[in-house]
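In case you want the letters, here they are:
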Amino acid sequence: MFISREKIRKHRRWWLFFGVWLPLTILAFLWFGFSPDVPNQAVHAERDAEGNFIDRLLGGEQEPADGVTFEAQFGKLNAKNNLASSSSSMSSNPSVFADSHVAIINRSDHTLMKRVGGLMLEQLKQQPWLQRIDYYPRGESMPQGERAPDIFVTLDLKDLSESGLLIEHAIQAKISITASDNLVRSHSSYRDNLTPSKIEYDWNGTLEHDSTTIGIESSAAKYKLAAKDIAAQMSDALVKYFDKLREKHGTLPPLPDYFYPAFQHAEPLSFLENQNAELLFSGHGLMNRNQSVWTFQSDAPPNKVLQAVTEDLAAQGWTVPPFSAGESMQHLRIKHERIVLEVFPDRESRTDIHINGKLNGAGQPKQFTYYVTYLDRMQREEILTACTALLDEEPPFETLLLFRRYSFGDRELEQRVLEYLQAQSTTSPEAFIAKAELLHRAKQHDDARHAMLSAHALSETTSDPGKYKNRLKQLAKTMEIEDFPPETIDVELLKELGIREVKLGSKIADLEFAVNEPAVFIYRTPEGTTKLLSFRVVPQGNHQFEFAFVDSEPDNGSRSWGNGGSVFEDRWASHQLRLGDESSIRFYARKLEGKSRIRAALDVVDASNPPSQLPYESPRP
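Residues numbered from 1 in each chain as written. Predicted model: local features only at pLDDT ≥ 70, side-chain atom pairs only at ≥ 80, totals over all residues. Heavy atoms only, no water.

A. Seen up close, unusual backbone geometry. The step from Phe484 to Pro485 runs through a cis peptide bond, and the omega angle for that step is 5 degrees. Residue position: Pro485 is located in the loop between α12 (466–478) and α13 (491–496). Positive phi outside glycine occurs at Tyr223, with the angle close to 70 degrees. Summarising the element assignment, Tyr223 is placed in the loop between β8 (200–217) and α3 (224–249). Judged by relative accessible area, Tyr223 falls into the buried class, the value being 5%. Positive phi values are uncommon outside glycine, yet Glu480 reaches one of about 60 degrees. Judged by relative accessible area, Glu480 falls into the exposed class, the value being 70%. (Helix = DSSP H or I, 4+ residues; strand = E, 2+ residues; numbered from the N terminus. Buried < 20%, exposed > 50% of the residue type's maximum accessible area, 1.4 Å probe, protein only.)

Following this line, the structure appears as structure tokens:
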């Protein structure tokens, strides 16, 4: 069969087109034609009833659409990271850590940071204590008038350099990250009798990331490995810091809505308009009807800006502090009726100012960044009304303890709180400190001293007795008690509080207590020393619970503590402690379905030959 040259050329062209050029064009489009799949809109992620996060776009009800992309990456990352951080905090006693709702604000629109922000959103979803996470890319504003997040996290890219082509790509990045209970915090802290019983904190970190990616990647996969490494570094640092706050202070329990008054708009302030201030956030929160933050830029140093602010406020009828022309001032705080207003330069601007108020590099043009925070707080009568309503609901005593100090000065409410606490059966040192304070205020000094001795003994059943003993020393000084604290723990006093003594062969199967309530036991070693053993079931968030324990020997000053092992509703779980001899104590727990209470049992057994029958099982025939 004869095939003409024309047909051969025609078939060759079709073969070149379909066999070479078209596949190459498709491959090129797939490789270079897609952008990275990163969140470009604000995302609201909240757990549903089953504990799974559901993502929605803020401002709409639709779920984020799955973008079409082609993300291919073949290679590895060699990275070095250095994260330096500093933190400050302020708290009263007691103060707790609010941790259920976090907002991530990304101040960079670089693709690397877009990836980092999206990955941090996904990584924080793994933390069981979080119930809601909001993510705001650069250019997306936080909604106004809503309840404020518990935690504000900000991300920003401070510096980036890149080098290399084709199969080797090097990155040197400097990234800042902050975490606080407010969008911004000044360097000056202040608390009074209207401040909520939660910790105020400010954490600042700077990550220096140096990495080299060796391999090839599609355009949609750009920065994938580096961003994953950066997000993991920063998420881990945040979680470790939050875990420390949670361990030290405990967490804010659910509170009735009347402790979160309805949002009210901020009072108009002329200086904000004069400074062209930008509103960053305006919402409401715990014991406030408005908490707002603005920012503005000025080439004037702080003393001149703050003087101008005070003059504008005085013209509006505010009572302002005296301000002399030559005075150095870097922070302004004014109380006006229900409102607390602060104006201050940001952290970076403060580094350009000497402590005496003079500018570093004087004579050089400089733009300063300023922040304004505005707080419209609940007043004393409103707080007393809320506390009375809370007491009427017979709350868990841990919740009531957060608000007991607001009752001071109202004799009737003080007496009601005292009677409520005295009716509770508890081994909480915090509860006995509260009783001691209220009894002292009621001039029942002998009973107050007894409560202090109880709190001192019970503090040995906690992982950090020092935080209670320091407060007890201060209270003893107030009460003019000279022989406090005692040198030894009174075991008989502990027994008066209902704490049981166990020994080899003991078996207890009738325990029931609240989540986070310690179950405490006394054990005497063969050497004659006393062990105090405390078990709790603590919430992890998202309907998950785990054991926490303290093993203390006050006679020799030794103490160990930790967490371990999950607790369930559908089956028993156990935690075992060796008692230093041949014995072990086995503690069993099971959460009661639909309740914040725990059913528990224990036995003390020969560790080398434990019985097969468990303490919560019925006796066998």
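Back to the write-up after that little detour.
B. Spotlight on the packing of helix α10 (residues 429–441) against α12. α12 packs onto α10 with a crossing angle of 10 degrees between their chain directions and a minimal axis gap of 11 Å. Between α10 and α12, the angle falls in the class roughly parallel. Judged by residue contacts, Pro429, Glu430, Ile433, Ala436, Glu437 and His440 of α10 engage Tyr468, Arg471, Leu472, Leu475 and Thr478 from α12. Its residues placed into classes, the contact of α10 with α12 shows six nonpolar, two polar and three charged. (Axes fitted to C-alpha atoms, helices over the stretch in contact; angles between N-to-C directions. Parallel < 35°, antiparallel > 145°, perpendicular 65-115°, else oblique. Contact = heavy atoms within 4.5 Å. Nonpolar A, V, L, I, M, F, W, Y, C, P; charged D, E, K, R; others polar.)

C. The layout of surface pockets, seen in detail. Each pocket or cavity is described by its volume, and for the second largest pocket that value is around 1200 Å³. Along the walls of the second largest pocket sit 50 residues, with Arg107, Thr154, Asp156, Val184 and Tyr371 positioned nearest its centre. Here the residues of the lining of the second largest pocket are counted per class, giving 17 nonpolar, 18 polar and 15 charged. (1 Å grid on protein atoms, 1.4 Å probe; cavity = no way out; pocket = protein on both sides within 12 Å on 5 of 7 lines; lining within 4 Å. Points joined across faces, edges and corners; volume = space filled by probe spheres on them.)

D. Spatial organisation of the sheet that holds strand β12 (residues 339–345). The sheet built from five strands is open, its strands ordered β9-β10-β13-β12-β11 with antiparallel pairing. Two strands close off the open sheet at either side, each with one partner strand: β9 (278–285) and β11 (332–336). Averaged over all adjacent pairs, the angle separating strand axes in this sheet is 15 degrees, with direction ignored. (Pairing = 2+ DSSP bridges.)

E. A look at the pattern of salt bridges. Counted by the stated rule, this structure contains 36 salt bridges. Salt-bridge contacts for Glu501 lead to Lys495; the nearest nitrogen and oxygen are separated by 2.8 Å. Taking relative accessible area as the criterion, Glu501 reaches 35% and is therefore assigned partly exposed. Here the residues in one salt-bridge network are Asp181, Arg185, Arg191, Lys198 and Glu200, joined through shared partners. (Salt bridge = Lys/Arg side-chain N within 4 Å of Asp/Glu carboxyl O.)

F. Highlighting the sheet that holds strand β22 (residues 597–606). The strand order across the open sheet built from four strands is β15-β22-β21-β20, with neighbouring strands paired in antiparallel fashion. Whereas interior strands pair on both sides, the edge strands pair on one side only; in this sheet they are β15 (507–514) and β20 (573–578). Geometrically, the sheet is characterised by an average inter-axis angle of 25 degrees between neighbouring strands, direction not taken into account. In terms of strand pairing, β20 meets strand β21 (residues 583–591) through six bridges, oriented antiparallel. Within the sheet, the bridge partner assigned to His575 lies in β21 and is Phe587.

G. Highlighting helix α5 (residues 302–315). With 14 residues, α5 should cover 20 Å at 1.5 Å per step; its first-to-last C-alpha distance of 20 Å lies within 8% of that length. Of the residues making up α5, those classed as buried are Pro302, Val305, Leu306, Val309, Thr310 and Leu313. Across the axial projection of α5, the buried residues extend over an arc of 135 degrees, all falling on one side. Among the exposed residues of α5, those oriented more than 90 degrees off its buried face are Lys304 and Ala315. In this fold, the buried residues of α5 make contact with α4 (270–274), β10 (288–298), β11, β12 and β13 (368–377). Following α5 by one or two positions, Gly317 has its phi on the positive side, about 95 degrees. (Expected span 1.5 Å × (residues − 1). Arc of directions from axis to C-beta.)

H. Seen up close, the pairing of β12. Buried residues dominate β12, accounting for seven of its seven residues. Of the two faces of β12, both are covered, the one formed by Ile339, Leu341, Val343 and Pro345 as well as the one formed by Val340, Glu342 and Phe344. Between β11 and β12, which pair antiparallel in sequence order, lie two residues; one of them, Glu337, sits at a positive phi of approximately 55 degrees. Bridge count for β12 against β13 is seven bridges, and the pairing is antiparallel. Of the residues in β13, the one forming a bridge with Pro345 is Tyr370.

I. Just the packing of helix α7 (residues 380–392) against helix α9 (residues 411–422), in detail. Put simply, α7 and α9 touch, their axes get as near as 11 Å, and they point 30 degrees apart. In terms of axis orientation, α7 runs roughly parallel to α9. Regarding α7 and α9, the two cross each other, and that crossing is left-handed. Contacts from Leu384, Cys387, Thr388, Leu391 and Asp392 of α7 reach α9 at Leu413, Arg416, Val417 and Tyr420. In terms of residue class, the contact of α7 with α9 is made up of six nonpolar, one polar and two charged. (Left-handed = near helix turned anticlockwise from the far one by under 90°.)

J. Geometry of the nonpolar core. The biggest cluster of nonpolar side chains holds 55 residues, and the ones touching the most others in it are Leu252, Phe259, Met287, Phe403, Leu421, Met452 and Leu494. Elements that contribute at least two residues to this core include exactly α7, α8 (397–403), α9, α10, α11 (445–459), α12, α13 and β16 (519–524). Top element by residues in this core is α10. It accounts for seven residues. Contacts of Leu252, omitting those with residues within four sequence positions, involve Val96, Phe97, Ala98, Tyr260, Leu286 and Leu402. Judged by nonpolar contacts, the second largest core, of 42 residues, contains Ala45, Val116, Met120 and Leu121. (Core = buried A, V, L, I, M, F, W, Y, C linked by side-chain atoms within 4.5 Å.)

K. Seen up close, empty space enclosed by the protein. Under the counting rule described, the total for this entry stands at four cavities of 30 Å³ or more. Its volume calculated, the largest cavity comes out at about 50 Å³. Contributing to the lining of the largest cavity are His101, Arg132, Asp134, Tyr136, Met142, Pro143, Glu146, Arg147, Pro149 and Phe281. Top contributing element to the lining of the largest cavity by residue count: strand β5 (residues 132–136), with three residues.

From the geometry alone we can't say anything about function, so treat these as descriptive.
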